[in-house]
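Okay, here's what each chain looks like letter by letter:
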Amino acid sequence: MDTELSIEARRFKKVREEQHHTQQSFAELLEIGATTADIERGKTKITGKVVMLLLHLFNINPMWLYGKSYTKIVNLEGGDVSPKVVTLDIEERDTIALVNQKAAAGYPHNIQDVEWYETLPAFSIPLPEYRNATYRGFQVEGDSMLPNIRPNEWVLGRAVPSIAEATDSKIYIVVLHDSVLVKKLQKVPNSPHKVRLISLNTEYIPIDVDIKNIQELWQVNSKLTFGVEEPSESNLLRQLQQSMDDLKGQITKLNT
């Protein structure tokens, strides 16, 4: 029965009918052979390629397709940076997919491939801070966000639906077409189509990117860290020595 079909299968059929395509013409348009009928019967899953084509040909919101959003149509030039795929457990509750450094290299290219997401580990956190939103975890590579975020730590981000909802000076996971970055975001004055990505490590210069090149945006709200250690005695001595040197410098300036 139709009610037993997955929501994506039913909505796929709805899109086809609204576009006045037969199953055959829709299959030819999407270059999926004879699988259109199989998708509508629930025998074949919708691939990432098909999701991408529905987005680019008809502006179909992938989140709507999978029943996770009431917004059916998205404007690709309007700063839509919502998740292209959400991960669910067997009870169809949101889970937090984890993207390690190696997987992050392929993430931008598989961002709409449902089957690729199934290869990622996922978990849930039964805390109120992680309810009523979609979250994703990414492992940090490099030292550009020192001292706040160290290499190999994990950051957890809440999905942001549009650039308009991004807040200046907050830290975000920014998914571009060729990379995944963890940066502080800042709107660029007089340039509504750009945002500035800023590293906390001052050795890295800020970079400006076009909003149209941002695929997804996740606001960092927590992190996972391992190997927590108390400062060693030598570190404490160095900190004390640095403080004494700073104090001496200030006294010297006052006496000159």
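Quick look at the structure, then. Bear in mind the structure is a predicted one, so any value in this text is a computation, not a measurement.

**So, helix 4 (residues 48–58)**
Then, number 1: Residues of helix 4 that are buried: Gly48, Val50, Val51, Leu53, Leu54, Leu55 and Phe58.
Then, number 2: Lining the buried residues of helix 4 we find helix 1 (7–18), helix 2 (23–30), helix 5 (62–65) and helix 7 (114–117).

**Quick look at the layout of surface pockets**
Then, number 1: For the largest pocket, the calculated volume is near 710 Å³.
Then, number 2: Counting only elements with at least two residues in the lining of the largest pocket, the list comes to helix 1 and helix 7.
Then, number 3: Its residues assigned to classes, the lining of the largest pocket comprises 14 nonpolar, five polar and six charged.

**A word on the packing of helix 1 against helix 2**
Then, number 1: Two numbers describe how helix 1 lies on helix 2: the axes approach to 10 Å, and their chain directions differ by 100 degrees. Classified by the angle between their axes, helix 1 and helix 2 sit roughly perpendicular to one another. On helix 2, the residues touching Phe12, Val15 and Arg16 of helix 1 are Gln23, Phe26 and Leu30.
Then, number 2: Residue classes in the contact of helix 1 with helix 2 are distributed as four nonpolar, one polar and one charged.

**Brief notes about the nonpolar core**
Then, number 1: Among the nonpolar cores identified, the biggest contains 40 residues, and Phe12, Leu30, Ile46, Leu54, Tyr107, Val155 and Val182 are the most heavily contacted of them.
Then, number 2: Per-element tally for this core: the top contributor is helix 4, with five residues.
Then, number 3: Excluding residues within four positions of it along the chain, Leu30 makes contact with Phe12, Lys49, Val50, Leu53, Leu54 and Leu57.
Then, number 4: Counting residues in each nonpolar core, the second largest holds 14 residues, with Ile163, Leu176, Val209 and Ile211 among its members.

**Side note on unusual backbone geometry**
Among all residues except glycine, the phi angle is most often negative; among peptide bonds, the trans geometry is most common.
Then, number 1: In this chain, Leu146 is followed by Pro147 through a cis amide linkage whose omega measures 5 degrees.
Then, number 2: Among the secondary structure elements, Pro147 is positioned in the loop between strand 3 (135–139) and strand 4 (154–159).
Then, number 3: Of note in this structure, His20 is not a glycine but carries a positive phi near 60 degrees.
Then, number 4: You can see His20 is positioned in the loop between helix 1 and helix 2.
Then, number 5: Of note, Glu31 is a non-glycine position whose phi angle comes to about 55 degrees, a positive value.
Then, number 6: Residue Glu31 is classed as exposed on the basis of its relative accessible area, which comes to 58%.

**What about the environment of Val188?**
Then, number 1: Structurally, Val188 can be placed in the loop between strand 6 (180–187) and strand 7 (194–198).
Then, number 2: Between the alpha carbons of Val188 and Asp208 there is a distance of 8.1 Å; along the sequence they are 20 residues apart.
Then, number 3: Not counting residues up to four positions away in its chain, the partners in contact with Val188 are Lys194, Val195, Arg196 and Asp208.

**Comments concerning the side chain of Ser82**
Then, number 1: Along the chain, the position of Ser82 falls in the loop between helix 5 and strand 1 (96–99).
Then, number 2: Given a relative accessible area of 7%, Ser82 falls into the buried group.
Then, number 3: Filtering out sequence-adjacent residues up to four positions away, Ser82 remains in contact with Asn61, Met63, Val160, Pro161, Gln215 and Glu216.

**What about helix 2?**
Then, number 1: All of the buried residues in helix 2 are Phe26, Ala27 and Leu30. Along the long axis of helix 2, the arc covered by the buried residues comes to 100 degrees, so they all point the same way. Facing away from the buried side of helix 2 by more than 90 degrees, the exposed set consists of Gln24 and Glu28.
Then, number 2: In this fold, the buried residues of helix 2 make contact with helix 1, helix 3 (35–41) and helix 4.
Then, number 3: Just downstream of helix 2, Glu31 is the residue with a positive phi angle, here 55 degrees.

Conventions and cut-offs
Residues numbered from 1 in each chain as written. Predicted model: local features only at pLDDT ≥ 70, side-chain atom pairs only at ≥ 80, totals over all residues. Heavy atoms only, no water. Buried < 20%, exposed > 50% of the residue type's maximum accessible area, 1.4 Å probe, protein only. Helix = DSSP H or I, 4+ residues; strand = E, 2+ residues; numbered from the N terminus. Contact = heavy atoms within 4.5 Å. 1 Å grid on protein atoms, 1.4 Å probe; cavity = no way out; pocket = protein on both sides within 12 Å on 5 of 7 lines; lining within 4 Å. Points joined across faces, edges and corners; volume = space filled by probe spheres on them. Nonpolar A, V, L, I, M, F, W, Y, C, P; charged D, E, K, R; others polar. Axes fitted to C-alpha atoms, helices over the stretch in contact; angles between N-to-C directions. Parallel < 35°, antiparallel > 145°, perpendicular 65-115°, else oblique. Core = buried A, V, L, I, M, F, W, Y, C linked by side-chain atoms within 4.5 Å. Arc of directions from axis to C-beta.

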